[in-house]
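Results of the structural survey
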Amino acid sequence: MFGYYLNLAVRSFKRNKALTALMVLAIALGIGACMTTLTVFHVLSGDPIPQKSDKLYYVQLDPRTKQGLEPGEEPEDQLTRFDAETLLREKRADRQVLMTGGGVSVTPQRRELSPFTASARYTSADFFPIFETGFLFGGGWSAKEDDSRARVAVISKSLNEKLFGGANSIGKQVRLDQADFTVVGVTDGWKVNPRFYDLNSDRYGDAEEVLLPFSTSRDLEMSRNGNMNCWGDTGADETSLNAPCVWMQYWAELGTPAKAAAYRDYLASYSEQQRKAGRYERPANVRLRNVMDWLEFQRVVPGDVILQMWLGFGFLLVCLVNTVGLLLAKFLRRSGEIGVRRALGASRKAIFLQCLVEAGTLGLAGGILGLGLSLLGLWLVRQQPSSYAQLAHLDPGMLLVTFALAIVASLLAGLLPAWRAMQVTPAVQLKTQ
């Protein structure tokens, strides 16, 4: 019967080409606007490391003075250098990593290249297995090299192509600032979005081009960037070990919920120890959030993207209301045809299904046109200067959602017109023919 209903729908479209085109356009415009905004939201709110996001936890402590204390308030977003290095040294998690952002000047060995600056991340050895960076050549450094302040570096694939023409550069020297570093690894285009491991800088930017041992960066007094919050007497160097400043990010990998609970208890105990030692003044106030909880807490998705998504759904609703009116007018105009079918034995259910098939077919056509409009909309988004603009692409999952949404929306729009059409009384319609 579906084939028969589909044949009737095609004939109906041919009889009312202008009205059919108007309904298809209405659905396509709604789907195009809705899917453009929904795709951007989907890309920005996705899980950046789905294989282990429930096992990676961001650590927060509260080392501030009692001044301004408010019960129940959140601790600082970052850690002091003293706390980060202490937690790293005590190794209570399966893996743990401290880090901060920075920048270095690169002096190429190739004469045709001028010196340039590159983004950097100063971190510890577990960075690479925790975040599963993947390597084109070599690998990361070890905890032993952290301790010895070794002058080793991991560089990105793009930087390797620029400096060494894409060749295996393991063991080669690269001059960063005023020191020579040995390349021990080249990442294989590793990139996560949002950059959940450090939300204090560009949340949707590229991964750093150079990764260095944090201990080495402090030994050479290399420049850093990112947010810093200080209180009290910071002394001459805000990045010194005992400075009362928070500026470091700290992540712990914990394989089970039980380990996470135990680690949270450890953080509370550590805070109490520091309070008794006189470093902390506030009661223990710790947070341990996994990746998705941390992203939600930080409200990573821009507010304008959420607003645009709801506006897209609102526009789709307006388009569907218009489609309902057009379908209602179309079906009621065919009351005589429907009355004849009813008189010949067609049930109300058959009429209802026939109208829904016609509405669903309109939705499919609108979905195809709406897909084109969505691609155009996403192309326009990518022309914007926002850091997340280049991420706006329609993946296979959202492609299926486009057609599913178009068909479901058109079927919902066709329910009322189909219900009204099946109420047609055969005797009345035959009498008027």
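Conventions we followed
- Residues numbered from 1 in each chain as written.
- Predicted model: local features only at pLDDT ≥ 70, side-chain atom pairs only at ≥ 80, totals over all residues.
- Heavy atoms only, no water.
- Helix = DSSP H or I, 4+ residues; strand = E, 2+ residues; numbered from the N terminus.
- Contact = heavy atoms within 4.5 Å.
- Areas by Shrake-Rupley, 256 points an atom, 1.4 Å probe, with all protein chains shown as cover.
- Lys, Arg positive; Asp, Glu negative; His and termini not counted.
- Charge placed at Lys NZ, Arg CZ, Asp CG, Glu CD.
- pLDDT = per-residue confidence, 0-100.
- Expected span 1.5 Å × (residues − 1).
- Buried < 20%, exposed > 50% of the residue type's maximum accessible area, 1.4 Å probe, protein only.
- Arc of directions from axis to C-beta.
- Disulfide = S-S within 2.5 Å.
- Axes fitted to C-alpha atoms, helices over the stretch in contact; angles between N-to-C directions.
- Parallel < 35°, antiparallel > 145°, perpendicular 65-115°, else oblique.
- Left-handed = near helix turned anticlockwise from the far one by under 90°.
- Nonpolar A, V, L, I, M, F, W, Y, C, P; charged D, E, K, R; others polar.
- Patch = residues over 30% accessible without salt bridge, like charges linked within 9 Å, V, L, I, M, F, W, Y side chains within 5 Å.
- Salt bridge = Lys/Arg side-chain N within 4 Å of Asp/Glu carboxyl O.
- Phe/Tyr/Trp six-rings, centres within 6.5 Å; stacked < 30°, edge-to-face > 60°.

1. Considering the overall build of the protein
For the protein, the count of helices and strands is 14 helices and 13 strands. Along the first, second and third principal axes, the C-alpha set of the protein runs to 100 × 60 × 35 Å. In the protein, once contacts between residues fewer than 6 apart in sequence are set aside, the share between residues at least 24 apart is 75%. Surface exposure of the protein reaches about 20,400 Å², of which carbon and sulfur atoms provide 57%. Taking the average location of the 47 positive side-chain charges in the protein and that of its 42 negative ones, the two points are 14 Å from each other.

2. Remarks on the confidence of the model for the protein
Put simply, the protein has an average pLDDT of 87, and 91% of its residues get 70 or more. pLDDT under 50 marks residues 427-432. Its contacts with residues more than four places away, or in other chains, come to six contacts.

3. Looking at helix H8 (residues 257-276)
Its 20 residues place the ends of H8 29 Å apart at the C-alpha level, agreeing with the 28 Å of an ideal helix rising 1.5 Å per residue. Every buried residue of H8 is listed here: Ala260, Tyr263, Tyr266, Leu267, Tyr270, Ser271 and Gln274. Considered in projection along H8, the buried side chains sweep an arc of 140° and stay on one side of the axis. Across H8 from its buried face, at more than 90 degrees, point the exposed residues Pro257, Ala258, Asp265 and Lys276. As for H8, its buried residues are in contact with strand E1 (56-60), helix H3 (81-90), strand E12 (245-253) and strand E13 (287-290). Backbone geometry just after H8 places Gly278 at a positive phi near 95°.

4. Observations regarding the state of the cysteines
Here, disulfide denotes a covalent bond that connects the sulfur atoms of two cysteines. According to the stated counting rule, one finds one disulfide in the structure shown. Between Cys230 and Cys245 runs a disulfide, and the two sulfur atoms are separated by 2.0 Å. Because the sign of the S-S torsion sets the handedness, a value of about 115° for the bond joining Cys230 and Cys245 places this disulfide among the right-handed ones. On the criterion of sequence distance, the pair formed by Cys230 in strand E11 (residues 229-230) and Cys245 in strand E12 is long-range, its members being 15 residues apart. Residue classification places Cys230 among the partly exposed residues on the basis of a relative accessible area of 27%. You can see Cys34 has no disulfide; the closest cysteine sulfur is in Cys319, sitting 10.0 Å from it. According to the relative accessible area criterion, Cys319 is buried, its value standing at 7%.

5. A look at the packing of helix H2 (residues 17-44) against helix H12 (residues 348-382)
Their axes nearest at 6 Å, the elements H2 and H12 cross at an angle of 40°. Between H2 and H12, the interaxial angle falls into the category oblique. As for how H2 packs across H12, the hand of that crossing is right-handed. In terms of residue class, the contact of H2 with H12 is built from 15 nonpolar, nine polar and no charged.

6. Here's the deal with a negative patch on the surface
Together, Asp219, Glu221, Asp237 and Glu238 make up a negatively charged patch on the protein surface. Considering the arrangement of structural elements, one finds Asp237 in the loop between E11 and E12.

7. A few points about the packing of aromatic side chains
Scanning all chains against the criterion turns up 18 aromatic pairs. Measuring from centroid to centroid gives 5.5 Å for Phe127 and Phe128, while their planes differ by 75°, and the two rings are edge-to-face. Note on accessibility: Phe127 and Phe128 belong to one class, buried. On the basis of an interplanar angle of 85° and a centroid distance of 5.0 Å, the ring pair of Phe128 and Trp141 is categorised as edge-to-face. Taken together, the residues Phe128 in helix H4 (residues 127-131) and Trp141 in the loop between strand E5 (135-138) and helix H5 (143-147) connect sequence positions 13 residues apart. With respect to burial, Phe128 and Trp141 carry one shared label: buried.

8. A word on the pattern of salt bridges
Per the stated rule, a full pass over the model turns up 20 salt bridges. Residue Lys259 is joined to Asp94 by a salt bridge in which the shortest nitrogen-to-oxygen separation is 3.2 Å. Within this pair, whereas Lys259 is found in helix H8, its partner Asp94 is found in the loop between H3 and strand E3 (95-107), the two being separated by 165 residues in sequence. The class of Asp94 is partly exposed, set by a relative accessible area of 39%. Here Glu272 and Arg275 are joined by a salt bridge, their closest N and O atoms 2.9 Å apart. Of this pair, Glu272 and Arg275 both sit in helix H8, three residues apart, which is roughly one turn of that helix. For Glu272, a relative accessible area of 25% corresponds to the partly exposed category. The exposure class assigned to Arg275 is partly exposed, which follows from its relative accessible area of 36%. Through salt bridges with shared partners, one network takes in Asp62, Arg64, Glu73, Glu76 and Arg282.

9. Focus: helix H9 (residues 291-298)
Taken as a whole, H9 has its buried residues at Val291, Trp294, Leu295 and Gln298. All buried residues of H9 fall inside an arc of 100° around its axis, so they share one side. The inward-facing, buried residues of H9 contact E1, E12 and E13.

10. Description of unusual backbone geometry
Of note, the bond from Asn193 into Pro194 is cis; its omega dihedral lies within 30 degrees of zero at -5°. Within the secondary structure layout, Pro194 lies in the loop between strand E8 (179-187) and strand E9 (210-213). In the Ramachandran plot, Lys91 falls in the positive-phi region, its phi being about 50° despite a non-glycine side chain. Even without being a glycine, Arg299 presents a positive backbone phi close to 50°. Residue placement: Arg299 occurs in the loop between H9 and helix H10 (303-333).

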